[in-house]
Amino acid sequence: MFRSALNPSITSLSRNVLSAGWRTPVFRRFLSDETRAKIHAAVNEHPVVLFMKGTPEIPQCGFSRAAIQVLDMHGVPSEKLRTYNILEDPELRSGIKEFSEWPTIPQIYVNGEFVGGCDILLSMHQSGELESLLEKHGIIPKIESSSQS
């Protein structure tokens with residue numbers, strides 16, 4: 001009803017801004033250099049880094065639980081996995097989203113590279129890409145298929 005009363009150029013502009021989402025400079029907050037450096041060091045600290053809600057023993061959301069279960073299914077050793085509970089640190093909770101330009105938690109990094117959230121992790125698990133990535137970086141041993149003669 002009110003749509004026709006709006007100036008078409010304003011409607012078009014607002015659609016463009018909204019469709020661009022939170023990644024536009026208008027919607028971004030600026031991460032301090034100190035926080036950016038801490039997060040950068042954290043993601044490079046271990047071969048696999050998971051920012052999650054809760055802990056591996058007591059996940060505080062289903063997506064974080066799913067991410068831990070997938071990593072467990074692939075046999076990621078605990079000495080190669082570092083988790084951060086973003087619920088304990090409000091600056092980390094908001095900062096990691098800007099650092100990765102990914103709006104949701106959990107977030108997983110492999111060898112310092114952002115992989116994605118739970119949806120990406122599950123998709124990679126189902127396609128076999130996650131196993132290949134973990135093997136490629138020496139996080140899990142490569143399982144050689146034996147051919148029978």
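From a predicted model like this one, the values you see are computed outputs, not experimental measurements.

Draft legend 1. Representation of the overall build of the protein chain in the model. Assigned secondary structure in the protein chain consists of six helices and four strands. Reading the secondary structure of the protein chain in the N-to-C direction produces α-α-β-α-β-α-β-β-α-α. Residues counted as buried form 36% of the 149 residues belonging to the protein chain. Across the protein chain, the fraction of contacts at a sequence separation of at least 24, relative to all contacts at a separation of at least 6, is 63%. Of the roughly 9600 Å² of accessible surface on the protein chain, 55% is carried by carbon and sulfur atoms.

Draft legend 2. Geometry of the packing of aromatic side chains. In total, this model carries five aromatic pairs according to the counting rule given. Here the aromatic residues Phe51, Tyr84, Phe99, Trp102, Tyr109 and Phe114 are joined through ring pairs into a cluster of three or more. Seen from the ring of Tyr84, Arg82 lies directly overhead, with NZ or CZ sitting 4.1 Å from the centre.

Draft legend 3. Just the pairing of strand 1 (residues 48–52), in detail. Counting buried positions along strand 1 gives five out of five residues, so the element sits mostly inside the fold. The alternating pattern of strand 1 places Val48, Leu50 and Met52 and Val49 and Phe51 on opposite faces, both of which are buried. Two elements, strand 1 and strand 2 (residues 81–85), share five bridges in a ladder whose sense is parallel. The residue of strand 2 that forms the bridge with Val49 is Arg82. Viewed along the sheet, the connection from strand 1 through helix 3 (residues 62–73) into strand 2 turns out right-handed. In terms of strand pairing, strand 1 meets strand 3 (residues 107–110) through four bridges, oriented antiparallel.

Draft legend 4. The confidence of the model for the protein chain, seen in detail. Of all residues in the protein chain, 77% have pLDDT values of 70 or greater, and the mean over the chain is 84. Note on residues 1–27: pLDDT is under 50 here. Beyond four places in sequence and across chains, it has 12 contacts.

Draft legend 5. View of the pairing of strand 3. Residues of strand 3 alternate between two faces, with Gln107 and Tyr109 on one and Ile108 and Val110 on the opposite face, all of them buried. Pairing of strand 3 with strand 4 (residues 113–116) involves three bridges; the strand directions are antiparallel. Of the residues in strand 4, the one forming a bridge with Tyr109 is Phe114. Connecting strand 3 to the next strand, strand 4, in antiparallel fashion are two residues, including Asn111 with a positive phi near 50°.

Rules behind the numbers
Residues numbered from 1 in each chain as written. Predicted model: local features only at pLDDT ≥ 70, side-chain atom pairs only at ≥ 80, totals over all residues. Heavy atoms only, no water. Helix = DSSP H or I, 4+ residues; strand = E, 2+ residues; numbered from the N terminus. Buried < 20%, exposed > 50% of the residue type's maximum accessible area, 1.4 Å probe, protein only. Contact = heavy atoms within 4.5 Å. Areas by Shrake-Rupley, 256 points an atom, 1.4 Å probe, with all protein chains shown as cover. Phe/Tyr/Trp six-rings, centres within 6.5 Å; stacked < 30°, edge-to-face > 60°. Lys NZ or Arg CZ within 6 Å of the ring centre and 35° of its normal. Pairing = 2+ DSSP bridges. Right-handed = clockwise from strand over helix to strand, strands pointing away. pLDDT = per-residue confidence, 0-100.

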